[in-house]
Amino acid sequence: MLKGLPLLGEENRRHSPGVQLGCIISWASRTILLVLPAAGLLPLELGREGMVLTYTWKQWQERGSRMNVGTAHSEVNPNTRVMNSRGIWLSYVLAIGLLHVVLLSIPFVSVPVVWTLTNLIHNMGMYIFLHTVKGTPFETPDQGKARLLTHWEQMDYGVQFTASRKFLTITPIVLYFLTSFYTKYDQIHFILNTVSLMSVLIPKLPQLHGVRIFGINKY
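Source: prediction; values computed, not measured. (Residues numbered from 1 in each chain as written. Predicted model: local features only at pLDDT ≥ 70, side-chain atom pairs only at ≥ 80, totals over all residues. Heavy atoms only, no water.)

Caption draft 1: Structural detail: the overall build of the chain. Each helix and strand in the chain was counted, giving six helices and five strands. Beginning at the N terminus, the succession of helices and strands in the chain can be written as β-β-β-β-β-α-α-α-α-α-α. The buried share of the chain, reckoned over its 219 residues, is 30%. Long-range contacts, defined as pairs at least 24 residues apart, comprise 54% of the intrachain contacts of the chain with a sequence gap of at least 6. Of the roughly 14,800 Å² of accessible surface on the chain, 67% is carried by carbon and sulfur atoms. (Helix = DSSP H or I, 4+ residues; strand = E, 2+ residues; numbered from the N terminus. Buried < 20%, exposed > 50% of the residue type's maximum accessible area, 1.4 Å probe, protein only. Contact = heavy atoms within 4.5 Å. Areas by Shrake-Rupley, 256 points an atom, 1.4 Å probe, with all protein chains shown as cover.)

So, in structure tokens, the structure goes:
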């Protein structure tokens, strides 16, 4: 629970004998980290009218996305939250639409082939970047915990059925139905698109989280 405390000046600060206080002040973010011998770091924030707002550690972590202290980003591993960024879902859908328009502009390529190519390219990219490439391009202090995890396994710290995971699961399914419709359920197109869909849906199953079948892509 938040609690308001009076903000005392340096000359008026009082504390018991033998208790040493230290603080790190960031005036840019209006933030204080108060060092207490027994409690470690106690997060404080400068509030209005000379008040200091104290936070529990859970509340401090929840507001971490709004404040950076000594690092370029607030997350230990930005891969965990990249799909929760503002506008990322819209950008993702627009990128698929742009790919489709580019393929449509190629002469002598029929509409069914364009839809199949859009689906195959999208799913191939999703499989490579979400389910094959491991680690993170960022320098993280997690002691290499993300080194053996794919991007999908790192997302939302491994929590299943989050909004981002549902979005990335539904998107290839919707694209598959659109592709099947515009290819008029042609047998060859249907087989190619179905195999492509399964290649990006099966690795998303919670039962396969962290599993490397036959040791493929284990290291």
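Text resumes after the structure shown.
Caption draft 2: Structural view of the UniProt feature "transmembrane region" (unreviewed entry) in the chain. Annotation from UniProt places "transmembrane region" (unreviewed entry) at residues 89–117. Measuring from the first to the last C-alpha atom of residues 89–117 gives 21 Å, for a span that is 79% helix and 0% strand. (UniProt positions renumbered as here; feature names shortened; annotations may be inferred.)

Caption draft 3: How the structure looks around the nonpolar core. Counting eight residues, the largest nonpolar core consists of Met83, Met126, Leu130, Trp152, Met155, Phe167, Leu168 and Val200. Elements with a contribution of two residues or more to this core: α3 (111–131) and α5 (163–182). Excluding anything up to four places from it in sequence, valine 200 contacts Asn123, Met126, Tyr127, His131 and Pro172. (Core = buried A, V, L, I, M, F, W, Y, C linked by side-chain atoms within 4.5 Å.)

Caption draft 4: Summary view of unusual backbone geometry. Unlike most non-glycine residues, phenylalanine 108 shows phi in positive territory, near 65°. Within the element layout of this structure, phenylalanine 108 appears in the loop between α2 (88–104) and α3. Of note in the backbone geometry, tyrosine 185 takes a positive phi value of approximately 55° without being a glycine. Structurally, tyrosine 185 is set in the loop between α5 and α6 (187–201).

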